[in-house]
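Spelled out, the chains give:
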Amino acid sequence: MKSWNHSDRIVAPSVLAADFSRIAEECSRAITAGADWLHLDVMDGHFVDNISFGPAMVEAIHATNDIFLDVHLMIARPNHYLSRFIEAGADLISIHAETGADHDISPSLATIREAGCKAGLAINPATPLEMAEPFLEQIDLLLVMTVVPGFGGQAFMPEMMPKVEDAVRLREKHSLSFHIEVDGGIDPQTASTAAEAGANVFVAGSSTFKAPDIGQAIRAIRES
Ligand code: DX5
Ligand code: ZN
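Residues numbered from 1 in each chain as written. Chains lettered and ligands numbered in written order. Predicted model: local features only at pLDDT ≥ 70, side-chain atom pairs only at ≥ 80, totals over all residues. Heavy atoms only, no water.

Participant: Talk me through the coordination of the zinc ion (ligand 2); I want residue IDs and the actual numbers.
Facilitator: Looking at the zinc ion (ligand 2), the protein donor atoms are His39 (NE2), Asp41 (OD), His72 (ND1) and Asp183 (OD), and they sit 2.0 to 2.3 Å from it. In this structure, the zinc ion (ligand 2) is coordinated by 6 donor atoms arranged in octahedral fashion, with angles at the metal of 67 to 167°. Within one chain, the residues serving as donors to the zinc ion (ligand 2) are arranged as H-x1-D-x30-H-x110-D. Of this pair, His72 sits in strand S3 (residues 68–74) while Asp183 is found in strand S7 (residues 179–183), placing the two residues 111 residues apart along the sequence. (Donors = N, O, S within 2.8 Å, 3.2 Å for Na, K, Ca; no water. Tetrahedral: all angles 85-135°; square planar, octahedral: opposite > 155°, others 65-115°. Helix = DSSP H or I, 4+ residues; strand = E, 2+ residues; numbered from the N terminus.)

Okay, here's the thing in structure tokens:
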């Protein structure tokens, strides 16, 4: 498995915007078009007001290709489900820092890493970076949400960029190396804004899977 560092630009199409009736072909389409990772949004109808898919879908996608799977858990009690996503083939699992997720963050991050997966911590637009600060040494990726999570196709929130800049400063201050991922409303233009702030992983659903030319869309985000 290739490894990436935080100076690499990584484009992660979000499968939430794919055609679920042809999921294997959709994943192949994104991979052939140059996707670095696939971003899998798991939603339970409690932590967010939408239901997407669970470990069975992660496993099905894992069975059809060997691309890096970036699993974003937007669920209550993520600790209760971690082993199922690990067994399903996740390469990276992000859990949310918010109290609504109702779990113990530090042991969850440790469980993910002990299983040989990369660990991510996600923060909603309303959540200050301070909530993630105590856990920065335990993570491989900080996910700064640039929309309120739950649905694809929402508008990017540029007011989240100071949070990305502060995360870069904290990373330098503590000599850490976690990736900074942005998720929500990412297209070539907003990716450029986020890259300037210091993000290096770009989740993009609508602007990739729904583009007339997905390869061109992925390249435009990478080169933005
Ligand atoms: C939002 C999800 C995103 C979503 C992004 O709740 O976490 O990953 O799929 O979709 P777009 O790129 O369409 O904003
Ligand atoms: Zn996501």
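Right, picking up where we left off after that structure.
Participant: Summarise the site of ligand 1; cite the residues concerned and give the values.
Facilitator: Near ligand 1 lie 20 residues; those nearest to it are Asp41, Gly150, Asp183, Gly205 and Ser206. For ligand 1, an oxygen atom lies 2.7 Å from a polar atom in the backbone of Gly150. In this structure, an oxygen atom belonging to ligand 1 sits 2.8 Å away from a main-chain N or O atom of Gly153. For ligand 1, whose free accessible area comes to 390 Å², the fraction covered by protein is 98%. Taken together, the elements giving at least two residues each to the shell around ligand 1 come down to strand S2 (37–43), S3 and strand S8 (201–204). With 3 residues, the top contributor of residues to the shell around ligand 1 is S2. By residue class, the composition of the shell around ligand 1 is 8 nonpolar, 10 polar and 2 charged. (Near = heavy atom within 4 Å. Polar contact = N/O pair within 3.5 Å; in protein donor to acceptor, adjacent residues only side chain to side chain. Areas by Shrake-Rupley, 256 points an atom, 1.4 Å probe, with all protein chains shown as cover. Nonpolar A, V, L, I, M, F, W, Y, C, P; charged D, E, K, R; others polar.)

Participant: How would you summarise the packing of aromatic side chains if you had to cite specific residues and measurements?
Facilitator: Using the criterion set out here, one finds 4 aromatic pairs in the structure. With 5.7 Å between their ring centres and 80° between their planes, Trp4 and Trp37 make a pair best called edge-to-face. Note that Trp4 is positioned in the segment before strand S1 (10–13) and Trp37 in strand S2, a separation of 33 residues in sequence. In this structure Trp4 comes out as buried when scored by relative accessible area, which is 16%. Connected via pairs of aromatic rings, a cluster forms that spans Trp4, Trp37 and Phe68. Here Arg171 stacks its cationic end above the ring of Phe178, 5.8 Å away from the centre of that ring. (Phe/Tyr/Trp six-rings, centres within 6.5 Å; stacked < 30°, edge-to-face > 60°. Buried < 20%, exposed > 50% of the residue type's maximum accessible area, 1.4 Å probe, protein only. Lys NZ or Arg CZ within 6 Å of the ring centre and 35° of its normal.)

So, to be careful, I would describe these as geometric facts and stop short of saying anything about function.
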